Amino acid sequence: MCRLLGYLGGPILLDSLLYKPEHSLIVQSYQPREMTSGLLNADGFGIGWYHSHLDTDPFVYKNIQPIWSDINLPSISRYVESGSALAYVRSATVGQAVDLSNCQPFGYNRLMFVHNGFVKNFRQSLYRPIRDRLNDATYQLINGTTDSEHIFGLFVNELTAPNMTLEVALQNALTTLAELANFHEVEFSANIIVSDGKQLVASRFASKKAPPSLYWLRDDPNFPEAVIIASEPLFIGNWHLCPPQSIISTGKDGDLKINSIL
């Protein structure tokens, strides 16, 4: 299991999300409260953000060290300002390599994608069935070996259809994943956050088990006119547990929608 974080709102310094809260993502890396598998998130991390003013592809910083041991991140996070960011700390599934190719966020054009969860016995179960569902272009996007990146491939595969939205692409990808898992009698969990810099779309979803924790917070006094989606609350506030088997989405207007995945 990993811990995820997504932010959309007014420009803020990254350290106000990563370091300053009492239960920040840094703290969650070594002292998570709601992980159901594993004790630490010490197998690397990734931070992705969009420029506050320029319409550019996102910037990404990754490392395979534990996030608490990275000596550059404190300075970077006090310097970088963004109105849209994703972050994650990794607890690698047994048997999956700890290297940069397996480190999230994964990217596609303006998109970033992070996943918390797993596919049980992935290499022996859904590795080949998922790849068989991908078109050639999407197949070539996969550089690593994780179940997370293959779920990302399913999402991108859906997104290449004309006039496809992030919400529908994510729901279709999860529906496909559930169909494959049901056919092969495999359990999985797929908490996901996706961003294009203007939207946050997330899922709390699992098959044959309870999904991992995922919360949302809107218009907190410390983060006015903003939405935060996180695996665990970062501080005391009006956090809401996302319903299981659901898609959560929000845009720059702060309007938040929750739809069930049928």
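Residues numbered from 1 in each chain as written. Predicted model: local features only at pLDDT ≥ 70, side-chain atom pairs only at ≥ 80, totals over all residues. Heavy atoms only, no water.

Some thoughts on the sheet that holds strand β3 (residues 59-63)
Here's step 1: With antiparallel pairing, the seven strands of this open sheet are ordered in space as β3-β2-β4-β1-β11-β10-β12. Of all the strands in the sheet, just β3 and β12 (240-241) have a single pairing partner and so form its edges.
Here's step 2: Sheet analysis places strand β2 (residues 45-49) next to strand β4 (residues 81-89), joined by five bridges and oriented antiparallel. Across the sheet, glycine 46 pairs through a bridge with tyrosine 88, a residue of β4. (Pairing = 2+ DSSP bridges. Helix = DSSP H or I, 4+ residues; strand = E, 2+ residues; numbered from the N terminus.)

Some points on the environment of isoleucine 258
Here's step 1: Secondary-structure assignment places isoleucine 258 in strand β14 (residues 256-260).
Here's step 2: Isoleucine 258 sits in the partly exposed class, given a relative accessible area of 35%.
Here's step 3: Note: C-alpha distance between isoleucine 258 and leucine 25 (233 residues apart in sequence) is 24 Å.
Here's step 4: Every residue in contact with isoleucine 258, bar those within four places of it in the chain, is listed here: Trp216, Pro243, Ser246, Ile247 and Ile248. (Buried < 20%, exposed > 50% of the residue type's maximum accessible area, 1.4 Å probe, protein only. Contact = heavy atoms within 4.5 Å.)

Comments concerning the environment of aspartate 57
Here's step 1: Topologically, aspartate 57 is positioned in the loop between β2 and β3.
Here's step 2: When its relative accessible area of 42% is taken as the criterion, aspartate 57 is described as partly exposed.
Here's step 3: It is 8.8 Å that separates the C-alpha atoms of aspartate 57 and glycine 197, two residues lying 140 residues apart in sequence.
Here's step 4: Sequence-distant contacts of aspartate 57, defined by excluding residues within four places in its chain, comprise Asn109 and Arg110.

Remarks on the state of the cysteines
Here's step 1: Per the stated rule, a full pass over the model turns up zero disulfides.
Here's step 2: In this model cysteine 2 remains outside any disulfide bridge; the closest cysteine sulfur is found in cysteine 103, 9.3 Å from its own.
Here's step 3: Cysteine 242 takes part in no disulfide bond, and the closest cysteine sulfur, belonging to cysteine 2, lies 17 Å away.
Here's step 4: Residue class for cysteine 242 comes out buried when judged on its relative accessible area of 1%. (Disulfide = S-S within 2.5 Å.)

What about the packing of helix α6 (residues 147-159) against helix α7 (residues 166-184)?
Here's step 1: Between α6 and α7, whose axes approach to 8 Å, the crossing angle comes to 130°. With respect to α7, the element α6 is oriented oblique. In the packing of α6 onto α7, the handedness of the crossing is right-handed. The residues of α7 that touch α6, namely those facing Ile151, Leu154, Phe155, Glu158 and Leu159, are Leu166, Ala169, Leu170, Asn172, Ala173, Thr176 and Leu177. (Axes fitted to C-alpha atoms, helices over the stretch in contact; angles between N-to-C directions. Parallel < 35°, antiparallel > 145°, perpendicular 65-115°, else oblique. Left-handed = near helix turned anticlockwise from the far one by under 90°.)

Some words on the pattern of salt bridges
Here's step 1: Taken as a whole, this structure holds four salt bridges when the rule is applied.
Here's step 2: Here arginine 3 makes a salt bridge to glutamate 232, at a shortest N to O gap of 2.8 Å. Taken together, the positions of arginine 3 in strand β1 (residues 3-13) and glutamate 232 in the loop between β11 (223-230) and β12 put the pair 229 residues apart, joining distant regions of the chain. The two residues arginine 3 and glutamate 232 agree in class, both being buried.
Here's step 3: By sharing partners, the salt bridges in this structure join Asp55, Asp57 and Arg110 into a single network. (Salt bridge = Lys/Arg side-chain N within 4 Å of Asp/Glu carboxyl O.)

Digging into the packing of aromatic side chains
Here's step 1: The full count for this structure, using the stated rule, is eleven aromatic pairs.
Here's step 2: Measuring from centroid to centroid gives 6.1 Å for tryptophan 49 and phenylalanine 59, while their planes differ by 20°, and the two rings are stacked. With tryptophan 49 in strand β2 and phenylalanine 59 in strand β3, this residue pair connects regions lying ten residues apart in the sequence.
Here's step 3: When the ring of phenylalanine 188 is compared with that of phenylalanine 205, the centres are 5.8 Å apart and the planes differ by 50°; the resulting orientation is tilted. (Phe/Tyr/Trp six-rings, centres within 6.5 Å; stacked < 30°, edge-to-face > 60°.)

Some details on the pairing of strand β13 (residues 246-251)
Here's step 1: In terms of burial, β13 is a largely internal element, six of the six residues being buried.
Here's step 2: Neither face of β13 is left uncovered, since the one carrying Ser246, Ile248 and Thr250 and the one carrying Ile247, Ser249 and Gly251 both have all their residues buried.
Here's step 3: Here six bridges tie strand β8 (residues 199-204) to β13, and the two strands are oriented antiparallel to one another. If you follow valine 201 over to β13, its bridge partner there is serine 249.

Notes on α6
Here's step 1: Between the first and last C-alpha of α6 there are 19 Å, a value that for 13 residues agrees with the 18 Å anticipated at 1.5 Å per step.
Here's step 2: Looking at α6, one finds that the buried residues are Asp147, Ser148, Glu149, His150, Ile151, Phe152, Gly153, Leu154, Phe155, Val156, Asn157 and Leu159.
Here's step 3: On its buried side, α6 packs onto β5 (106-108), β6 (111-119), α4 (127-132), α5 (136-141), α7 and β7 (188-195). (Expected span 1.5 Å × (residues − 1).)

Overview of α7
Here's step 1: With 19 residues, α7 should reach 27 Å at 1.5 Å per residue; the first-to-last C-alpha distance of 27 Å fits that figure.
Here's step 2: Looking at the packing, one finds that the buried side of α7 touches β6, α4, α6, β7, β8 and β13.
Here's step 3: Within two residues after α7, glutamate 185 carries a phi angle of roughly 55°, on the positive side.

By themselves, these observations are geometric and do not establish any function.
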